[in-house]
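Here's the letter readout for the chains.
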Amino acid sequence: MKISSSIFPIISIFILLSISSVTPSDSDDFDDFFQCLLKQSDSSIPITDAILTPNNSSFQYIYQLRANNLRTLLSATSRPVAIITALHPSHAQAAVICGQRHDFQLRIRSGGHDYEGLSYTSDVPFVILDMFNLNSIDIDMSTETAWVQAGATTGELYYRIAEKSNVHGFPSGICTTIGIGGHFSGGGYGFLIRKYGLSIDNVIDAQLIDANGRILNRKSMGEDVFWAIRGGGTTSFGIILSWRIKLVRVPPRVTVFTVQRTLEQGATELAYRWQQVAPKLPKDLFIRLQPEPINNGGKNKTVRVSFIGHFLGQADGLLRLMNVSFPELGLTRNDCLEMSWVQSTLYWAGFSNGSSIDVLLNRVAVDRVFAKEKSDYYKAVIPKQGLETLWQVLMDIENIYVQMNPYGGRMEEISDSETAFAHRAGNLFKVLYGIQWSESEGGVNATARYVELSRRLYNAMAPYASSNPREAFINYRDLDIGSIESDETDFEDAKEYGAKYFLNNFIRLAVVKAKIDPKNFFKNEQSIPPLPSH
């Protein structure tokens, strides 16, 4: 998701990171940990080439390079004692074995897009296992499948598929620098959702490192674990090395469009109608609704609503469909752009029309900001009064964006218990609320104010969103909905956020956790603890 083109200075980050991460009391423990890593990893590919400590000149650079939310980066209270930039699966296996032996918590980072920074921050002594270098993509067109390593990005996946075929794609995220490891484990969501479901609905195998350091595939991990890692957040259960995916068919040409209307141009009526239409459209058509506050000069604030569409077909077919199903939008031929499927991934990511698909190979986000995100699911149409409430809050806050993504189609057909991802039938659309600010606006010092503003919007929409529980999307991680301390195992506290992320699947996830990681080595502030024995 390309939100901003600003590149903020990182000088202050370096200043904060200059504080040593390893205290004198930790140093002996780390020496033992280091020796353990040497013994446990494949000697043909030295792990010494993959280990960075605060004494390394590149440590600070690598730490912040894939830490995409400056809010979490600058407010972190502790730094890793080391970063292991795994060059071989044995490096990840060694990190697990030695982390347990020497009492270092492990945080696993693929692309660094965790909205709360849990893949690279902790309040206890910890090590980052950075999967970024494990990024191979092996596509087999004879079976229409691919093995994708955890450190590959969505952009790389789209590019490699396009190298092989112009009639294949994969349902995954819109932002092209997301790491596949974490993205798929929470579900994986994009503009093909109504046609093909989530990324995990098209995953057919996986390689997982468990708490014993073993590499397991679907058969050896068992169907219960394979169920859990598809939507349950893999870092509660182990370390994903790679996913095997089933590619999906797409037409040689697809059509995209963006139609924008302000409040003065009838945006409220159109947004109200969109809620009734978008979830019921044919599966080939996905239309996101994206309102944002703007200034019409001076103090004349308004809201501009964008209707952003993706159609698996050509413009003529789209226009016929829209003239029947959503004529109120007034879509015209001039609004429509026909292109290949891979080019449409650039369109959604915010690249200018005509950009080379080579930009998909850019692996690191350059438009990082201070941000706070929250999510909602809606099971009923927001009344016009609710929309007007939303518009007013947007205009009051200004530095905020909202993305409303329709359900229906394939998502209605998959049972909420088929995978750990439970938000299926009954939802009209999912919403992301995001607020962001720059270093010039106060950076870390402005965090409390902006986070509170995000909560104000969230609270304003409570009467219209899902309830009991108020559901949330784990890929849009939000510590406001409940959390535990970095090194705790509190099942009752975990149930609070677990019910919102996983609904009725939470208890089953806790059962699986007790089976594969009974000592709860893999943990974070919103992980799934083992189901307590009675």
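See the structure shown above.
This one's a predicted model, so the numbers in the text were calculated from it and none came from an experiment.

## Some details on the side chain of Asp210
Then comes step 1: Looking at where Asp210 falls in the secondary structure, it is placed in the loop between β8 (203-209) and β9 (215-216).
Then comes step 2: At a separation of 2.9 Å, a polar atom in the side chain of Asp210 contacts the main-chain amide nitrogen of Asn212.
Then comes step 3: Within polar-contact distance, the side chain of Asp210 engages the side chain of Arg214 at 2.5 Å.
Then comes step 4: With residues up to four places along the chain from it excluded, the contact list for Asp210 reads Val96, Leu216, Ile516 and Phe522.

## Description of the sheet that holds strand β1 (residues 51-52)
Then comes step 1: Within the open sheet, the four strands sit side by side as β1-β2-β4-β3. Their pairing is mixed. The two strands at the open ends of the sheet, each matched to only one other strand, are β1 and β3 (105-109).
Then comes step 2: Relative to strand β2 (residues 82-85), β1 runs antiparallel, the two being bridged by two bridges. For Leu52, the partnering residue across the bridge sits in β2 and is Ile83.

## Notes on the sheet that holds strand β6 (residues 145-149)
Then comes step 1: Pairing in this open sheet of five strands is antiparallel, and the strands run β5-β6-β10-β8-β9 from one edge to the other. The open sheet has two free edges, formed respectively by β5 (137-140) and β9, since each of these has just one partner strand.
Then comes step 2: Sheet topology places β8 next to β9; two bridges connect them, and they run antiparallel. The residue bridging Leu208 from the neighbouring strand is Leu216, located in β9.
Then comes step 3: In the packing of helix α6 (residues 154-164) onto the sheet, the strands contacted are β5, β6 and β10 (239-246), and the crossing angle to β5 comes to about 35°.

## Focus: the pairing of β3
Then comes step 1: A large share of β3 lies buried, amounting to five of its five residues.
Then comes step 2: By the alternation rule, side chains of β3 split into Gln105, Arg107 and Arg109 and Leu106 and Ile108, which are all buried.
Then comes step 3: Of the strand pairs in this sheet, β3 and strand β4 (residues 126-130) are connected by five bridges, and their pairing is parallel. Across the sheet, the residue bridging to Arg107 is Ile128, located in β4.

## Things to note about the state of the cysteines
Then comes step 1: Taken as a whole and judged by the stated rule, the model has one disulfide.
Then comes step 2: With a sulfur-sulfur separation of 2.1 Å, Cys36 is cross-linked through a disulfide to Cys98. Taking the sign of the S-S torsion, about -85° here, the bridge from Cys36 to Cys98 comes out left-handed. A residue pair is termed long-range when its members are at least 10 positions apart, and Cys36 in helix α2 (residues 24-40) and Cys98 in helix α5 (residues 89-101) qualify at 62 residues.
Then comes step 3: In this structure Cys98 comes out as buried when scored by relative accessible area, which is 0%.

Each value, and the rule that gives it
Counting of residues starts from 1 at the beginning of each chain's written sequence and follows it residue by residue. Only residues with pLDDT of 70 or above have their local features reported here, since the model is predicted, and side-chain atom pairs are shown and tallied only from 80 upward, although totals for entire chains, interfaces and linings are computed over all residues. To get the side-chain values, all heavy atoms of the structure are used, and hydrogens and water are removed first. Starting at the N terminus, helices and strands are each numbered in turn, a helix being any DSSP run of H or I of at least four residues and a strand any DSSP run of E of at least two. We define a polar contact as two N or O atoms separated by no more than 3.5 Å, with the added condition that, inside protein, one atom must be a possible hydrogen donor and the other a possible acceptor, whereas residues neighbouring each other in sequence contribute only through side-chain atom pairs. Only heavy atoms matter for contacts: two residues are in contact if any of them lie within 4.5 Å across the pair. Only strands joined by at least two bridges in the DSSP assignment are considered to pair. Between N-to-C directions, angles cover 0 to 180 degrees, with each direction set by a line fitted to C-alpha atoms, over the stretch in contact for helices. Three exposure classes are used, based on accessible area relative to the maximum for each residue type with a 1.4 Å probe and protein chains only: buried under 20%, partly exposed in between, and exposed over 50%. Count a disulfide wherever a pair of cysteine sulfur atoms falls within 2.5 Å.

These values are about where atoms sit, not about what they do.
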